[in-house]
Amino acid sequence: EEEEGECGFCVYMKGGGCKEEFVGWEKCVEQAEAEGSDVVERCHDATAALRRCMDKFPDYYEPILRAERAMAEDLEAFKASEASEPSPASPPPPAAEEEQGDDKKQAEAVVAKEDLAA
């Protein structure tokens with residue numbers, strides 16, 4: 001039974017074939033945040049397992065996979081344009097992470113960072 005008030009992204013992710021992997025990833029992220037750890041570093045294995053699983057169910061997870069690819073392409077384009085500028089631009093300030101429950105953005109950011117690290 002799903003938690004009342006659970007985010008739509010979480011419900012969607014758990015509705016596919018990767019519920020177990022998503023729950024493991026979600027717990028890892030929550031623990032890392034509670035400890036103040038680096039989510040990407042700490043949850044590398046959980047993220048990789050979730051990604052492998054999502055790749056096994058591309059029809060269901062296509063909207064998430066597509067958004068991830070678009071983010072990665074945007075990041076690459078940004079890096080390329082930044083590299084071609086005569087003087088480096090200041091990076092944008094980091095987004096506030098005060099708002100819990102914004103799992104979709106966290107998921108996309110973690111998965112995108114994992115893709116770049118791979």
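Residues numbered from 1 in each chain as written. Predicted model: local features only at pLDDT ≥ 70, side-chain atom pairs only at ≥ 80, totals over all residues. Heavy atoms only, no water.

Below, the discussion takes up the overall build of the chain. Within the chain, the regular secondary structure consists of 6 helices and 0 strands. Start at the N end of the chain and walk to the C end: the helices and strands fall as α-α-α-α-α-α. Out of the 118 residues belonging to the chain, those deemed buried represent 28%. Sequence separation of 24 or more characterises 63% of the internal contacts of the chain that already satisfy a separation of 6 or more. As displayed, the chain has an accessible area near 8,000 Å², and 52% of this comes from carbon and sulfur atoms. (Helix = DSSP H or I, 4+ residues; strand = E, 2+ residues; numbered from the N terminus. Buried < 20%, exposed > 50% of the residue type's maximum accessible area, 1.4 Å probe, protein only. Contact = heavy atoms within 4.5 Å. Areas by Shrake-Rupley, 256 points an atom, 1.4 Å probe, with all protein chains shown as cover.)

Enumeration according to the criterion identifies 5 aromatic pairs in this entry. Taken together, a centroid distance of 5.9 Å and an interplanar angle of 75° make the contact between Phe 9 and Phe 22 edge-to-face. Here the residue Phe 9 occupies a position in helix α1 (residues 8–15), and Phe 22 occupies one in helix α2 (residues 19–35), the gap between them amounting to 13 residues. You can call Phe 9 buried: its relative accessible area is 9%. Ring centres of Tyr 12 and Tyr 61 lie 6.4 Å apart, and the angle between their planes is 85°; on these two criteria the pair is classed as edge-to-face. Separated by 49 residues along the polypeptide, Tyr 12 in helix α1 and Tyr 61 in helix α5 (residues 58–84) bring together distant segments of the chain. (Phe/Tyr/Trp six-rings, centres within 6.5 Å; stacked < 30°, edge-to-face > 60°.)

What follows is about the state of the cysteines. A full pass over the atoms with the stated rule returns 2 disulfides. Here Cys 18 engages in a disulfide with Cys 53; their sulfurs sit 2.0 Å apart. Sign of the S-S torsion, about -100° for the bond between Cys 18 and Cys 53, identifies this disulfide as left-handed. Residue Cys 18 is found in the loop between α1 and α2, and its partner Cys 53 is found in helix α4 (residues 44–56); the two are separated by 35 residues along the sequence. (Disulfide = S-S within 2.5 Å.)

A word on the nonpolar core. Ranked by internal contacts, the top residues of the largest apolar core, which has 18 residues, are Met 13, Phe 22, Leu 50 and Met 54. For this core, the elements supplying multiple residues, two or more each, are α1, α2, α4 and α5. Counting residues per element, this core draws most heavily on α2, which supplies 5 residues. Not counting residues within four places of it along the chain, the set of residues in contact with Phe 22 comprises Phe 9, Cys 10, Met 13, Lys 14 and Leu 50. (Core = buried A, V, L, I, M, F, W, Y, C linked by side-chain atoms within 4.5 Å.)

Moving on: the side chain of Thr 47. Relative to the elements of secondary structure, Thr 47 occurs in helix α4. A distance of 3.2 Å separates the side chain of Thr 47 from the side chain of Trp 25, its partner in a polar contact. (Polar contact = N/O pair within 3.5 Å; in protein donor to acceptor, adjacent residues only side chain to side chain.)

What follows is about α5. At Ile 64, α5 shows its maximal kink, close to 40°. Tyr 61, Ile 64, Leu 65, Glu 68 and Ala 72 are the residues of α5 that are buried. (Bend = angle between axes of the 7 residues up to and from the residue.)

Here Arg 42 shows up in helix α3 (residues 39–42). Sequence separation of Arg 42 and Gln 31 is 11 residues, and the distance between their C-alpha atoms is 9.3 Å.

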